[in-house]
Amino acid sequence: ADHGQSFGEHGYGGPEGKHGRRTYQSCLAAPLIFWSPSRIPGGRKIDWPVAHVDLFPTLADLAGVTPEHWPADVVGENLAEVLREPDVEPPWGQQRRIRYSMAFGGATGNTWNLFRFLQNKRVKQANPRYLASLEGTNKLIVDPKAPKQFELYDLSTDPGEFTPLTGSRRQAQAARVTKLLEWYEATRTILAQKKTSKADLEALKSLGYVD
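Residues numbered from 1 in each chain as written. Predicted model: local features only at pLDDT ≥ 70, side-chain atom pairs only at ≥ 80, totals over all residues. Heavy atoms only, no water.

**A short note on the pattern of salt bridges**
Think of it this way: side chains of opposite charge can pair up when their charged atoms draw near. Overall, the coordinates contain 8 salt bridges when judged by the stated rule. The salt bridge partner of E161 is K139, with a shortest N-O separation of 2.8 Å. Placement of E161 in the loop between β4 (151-154) and α5 (167-171) and of K139 in strand β3 (residues 138-142) is noted, with a sequence separation of 22 residues between them. We note that E161, like K139, is buried. Measuring nitrogen to oxygen at the nearest pair gives 3.5 Å for the salt bridge that ties D143 to K145. One salt-bridge network, in which partners are shared between bridges, spans D61, E81 and R84. (Salt bridge = Lys/Arg side-chain N within 4 Å of Asp/Glu carboxyl O. Helix = DSSP H or I, 4+ residues; strand = E, 2+ residues; numbered from the N terminus. Buried < 20%, exposed > 50% of the residue type's maximum accessible area, 1.4 Å probe, protein only.)

Take a look at the structure:
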């Protein structure tokens, strides 16, 4: 799957389900399943925080395509060895991996969703509804328009994100809000500089994401 789906959690989605405008785990988390009997053993479950950017280097390695043949701008971590060997350390070593995410207002009909932003470069209007960062089991959710009202959850004890942390535990994570906002500004700058090809725009147009 490329995303999760919310069915009324946190007042979002309803019986029909929705995704794209919230950064709770119900919308972000999706199963990543590998099946290749000749290349990796079966029956393993890994709960490390990974992302779609990890797919290319991992699949390329499993297919026997070595890094010197990858595009120069590949991002993400190669998890192929992790799949092969049960005791190997994650590529990022002993450090906690921080995963960032953002959710825009919608896919169509406005100028501030990600796809339209790539089309028209209206940087000041490319404002997401929510940002999030996941570090270990600590999940931070921030509304850029009200960063002081951030939400913090411990997914190890509250996987549904129903009881925000308060008091000293919340205060101890306050510095992460600044880091998350800095990540967003840096990401927005990169997107503003990105040259979207005619072929990419045509593909997005065929899906209804841009005019």
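**Some thoughts on the sheet that holds β3**
Pairing is antiparallel in the open sheet, where 4 strands are placed in the order β1-β2-β3-β4. Unpaired on one side and paired on the other, β1 (98-103) and β4 mark the two borders of the sheet. On average, adjacent strands in this sheet sit at an angle of 15° to one another, irrespective of strand direction. Lying on the sheet, helix α6 (residues 175-193) is in contact with β1, β2 (130-135), β3 and β4; it crosses β2 at an angle near 115°. (Pairing = 2+ DSSP bridges. Axes fitted to C-alpha atoms, helices over the stretch in contact; angles between N-to-C directions. Contact = heavy atoms within 4.5 Å.)

**With respect to the packing of aromatic side chains**
Following the criterion strictly, the structure yields 3 aromatic pairs and no others. Measuring from centroid to centroid gives 6.3 Å for Y24 and Y153, while their planes differ by 70°, and the two rings are edge-to-face. Of this pair, Y24 sits in the segment before α1 (25-28) while Y153 sits in strand β4; the two residues are 129 residues apart in sequence, bridging distant segments of the chain. As far as the burial class goes, Y24 and Y153 line up, both buried. Where F56 meets W70, the ring centres are 6.1 Å apart and the plane angle is 80°; that geometry is what we call edge-to-face. In this pair, F56 is assigned in helix α2 (residues 55-62) and W70 in the loop between α2 and α3 (80-84), connecting sequence segments 14 residues apart. For R22, the ring lying beneath its charged end belongs to Y12, and the centroid distance is 4.7 Å. Just above the ring of F150 sits the side chain of R170; from NZ or CZ to the centre is 3.7 Å. (Phe/Tyr/Trp six-rings, centres within 6.5 Å; stacked < 30°, edge-to-face > 60°. Lys NZ or Arg CZ within 6 Å of the ring centre and 35° of its normal.)

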